[in-house]
Amino acid sequence: MSVVLSMLNLKGGVGKTVSCINIAAALAEHGKSVVIVDSDSQGNIATSLGLVPDELSPTLADLMLEAIDGDVSSRRIVECIHTSGNIDILPSNSLLAGIDYRLSTALSRETVLKSIIDKLRGSYDYIIIDCPPSLGLIVINALAASDFTMIPVEAHYLSLESLKVMLDTVEMVRLKINPKLKVAGVFLTMYQQRTNLCRAIRERIVESYGKNVKVFDESVPYSIKAAEQTLYGKSLIEMLPSNPVSEAYKRIAKELITCGRL
Ligand SMILES: Nc1ncnc2c1ncn2[C@@H]1O[C@H](COP(=O)(O)OP(=O)(O)O)[C@@H](O)[C@H]1O
Ligand SMILES: [Mg+2]
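To keep things clear, this report deals only with the structure shown in the data block. Keep in mind that this is a model prediction, so the values were computed, not measured.

**Things to note about the packing of helix H8 (residues 160-176) against helix H9 (residues 196-209)**
Helix packing geometry: the angle between the two helix axes and the distance between the axes. Here H8 crosses H9 at 45°, and the two axes come no closer than 11 Å. Classed by the angle they form, the pair H8 and H9 counts as oblique. In this structure, the crossing between H8 and H9 has a hand that is right-handed. Residues Leu160, Leu163 and Leu167 of H8 touch H9, and the partners they reach there are Arg204, Ile205, Ser208 and Tyr209. Partitioned by chemical class, the residues of the contact of H8 with H9 number five nonpolar, one polar and one charged.

Set out below in structure tokens:
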């Protein structure tokens, strides 16, 4: 049975996409079958894994439009899946930008993505959803389809208010739409060990939310190699397995598996 995990943050540039790719790669190294579903119209999952998003067709946008109007078969979903190394991806591109509007008038508008994801559940151990940086209907759809959500927080910028909005949104989706939804945890990205700021941000998060939400001990360090990943079209774990960023994602993935969070 699959586990569905979404990577959530309402802010862009915090490391959601890099985290999806490297946690997926770490899980694949453990012999797990993994698909990443890109729910962001920027199409960064495809770009980061060596594909050109706007050359891809069909994509998630086609599946969601078809699911709004009727049913989507498993065979149709498989037509959208690409493989990069040992990770499968269900990509998105700029066509997904119009979906929020179409969803707003659809029946079951919060569970259109879930109807697609549920059809993938038999085929993968892990389904990882990369979320867009917004709080629109696509994010609600991603949470409605998920068993767990993880929140990467950039270690240079503290917004306890935005963390609260995200945790409240998860709680609202759990109460109204998806009782199975749990927060797997919050973790820090682009962490610079030597700065007081990074340490202080982690402490403030633990102080404010640590009682109710797991804050991972492991933080993902800052490394320019992580930013270069898109140039090579592969996960950092595949490219530079001993890089501290790769090591951190491997430990986070292991912790997710061993503590039964996934
Ligand atoms: N650990 C890291 N160290 C340095 N740069 C990083 C790290 N993680 C991500 N980045 C870079 O930060 C930018 C934003 O990351 P990304 O994963 O695209 O964020 P999001 O998906 O939240 O918008 C990208 O240029 C990415 O390469
Ligand atoms: Mg992204």
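Let us keep going from here.
**A look at the sheet that holds strand E5 (residues 126-130)**
Spatially, the seven strands line up as an open sheet ordered E3-E4-E2-E5-E1-E6-E7, and their pairing is mixed. Edge strands, defined here as strands with exactly one partner in the open sheet, are strand E3 (82-84) and strand E7 (182-189). Ignoring which end each strand starts from, the neighbouring axes of this sheet average 25° apart. Each of strand E1 (3-7), strand E2 (34-38), strand E4 (87-90), E5, strand E6 (148-154) and E7 touches helix H1 (residues 16-29); the most contacted strand, E5, lies at about 170° to it.

**Focus on the site of ligand 1**
Taken together, the neighbourhood of ligand 1 is formed by 18 residues, with Lys16, Thr17, Val18, Ala226 and Ala227 sitting nearest. Secondary-structure elements contributing two or more residues to the shell around ligand 1 are H1 and helix H10 (224-232). Of all the elements, H1 adds the most residues to the shell around ligand 1, at three residues. Taken together, the residues that form the shell around ligand 1 break down as nine nonpolar, eight polar and one charged.

**Observations concerning the environment of aspartate 54**
Following the sequence through the fold, aspartate 54 ends up in the loop between helix H2 (44-48) and helix H3 (60-69). In the structure, aspartate 54 is positioned twelve residues away from glutamine 42 in sequence and 9.7 Å away in space, judged by C-alpha atoms. If we ignore the near neighbours within four places in the chain, the residues touching aspartate 54 are Asn93 and Ser94.

**Some points on H8**
Spanning 17 residues, H8 covers 24 Å between terminal C-alpha atoms, matching the ideal 24 Å at 1.5 Å per step. Regarding H8, the residues found buried are Leu163, Met166, Val170 and Val173. In a view along the axis of H8, the buried residues occupy a sector of 90°, so they form one face of it. Counted as exposed and oriented over 90 degrees from the buried face of H8: Glu161, Lys164, Asp168, Met172, Leu175 and Lys176.

Calculation rules
Sequence order as written defines the numbering, with residues in each chain counted from 1. Note on labels: chains are lettered from A, ligands numbered from 1, in written order. The model is predicted, so local features are restricted to residues of pLDDT at least 70 and side-chain atom pairs to those at 80 or more, both for listing and for counting; the totals for chains, interfaces and linings are taken over all residues. In this analysis, axes come from line fits to C-alpha atoms, helices being fitted only over the stretch in contact, and the angle between any two N-to-C directions falls in the range 0 to 180 degrees. Helix and strand labels come from DSSP, where a helix needs a run of H or I of at least four residues and a strand needs a run of E of at least two; each type is numbered from the N terminus. Note on angle classes: values under 35 degrees are labelled roughly parallel, values over 145 roughly antiparallel, values of 65 to 115 roughly perpendicular, and the remainder oblique. A crossing counts as left-handed when the near helix is turned anticlockwise from the far one by less than a right angle, and as right-handed when that turn is clockwise. C-beta atoms are first placed from the backbone for all residues, and any pair lying within 7 Å is then listed as a contact. Following the grouping adopted for this structure description, the nonpolar residues are Ala, Val, Leu, Ile, Met, Phe, Trp, Tyr, Cys and Pro, the charged ones are Asp, Glu, Lys and Arg, and the polar ones are all others, Gly among them. The criterion for strand pairing is that DSSP finds at least two bridges linking the strands in question. By definition, a residue lies near a molecule or strand provided its backbone-derived C-beta atom is within 6 Å of it. For a helix, the expected span equals 1.5 Å multiplied by the residue count minus one. To sort residues by burial, count the other C-beta atoms lying within 10 Å of each one's C-beta; a count of 20 or more means buried, 12 or fewer means exposed, and anything in between means partly exposed. C-beta atoms are built from the backbone. Starting at the helix axis, one direction is taken to each C-beta atom, and the arc is that of these directions.

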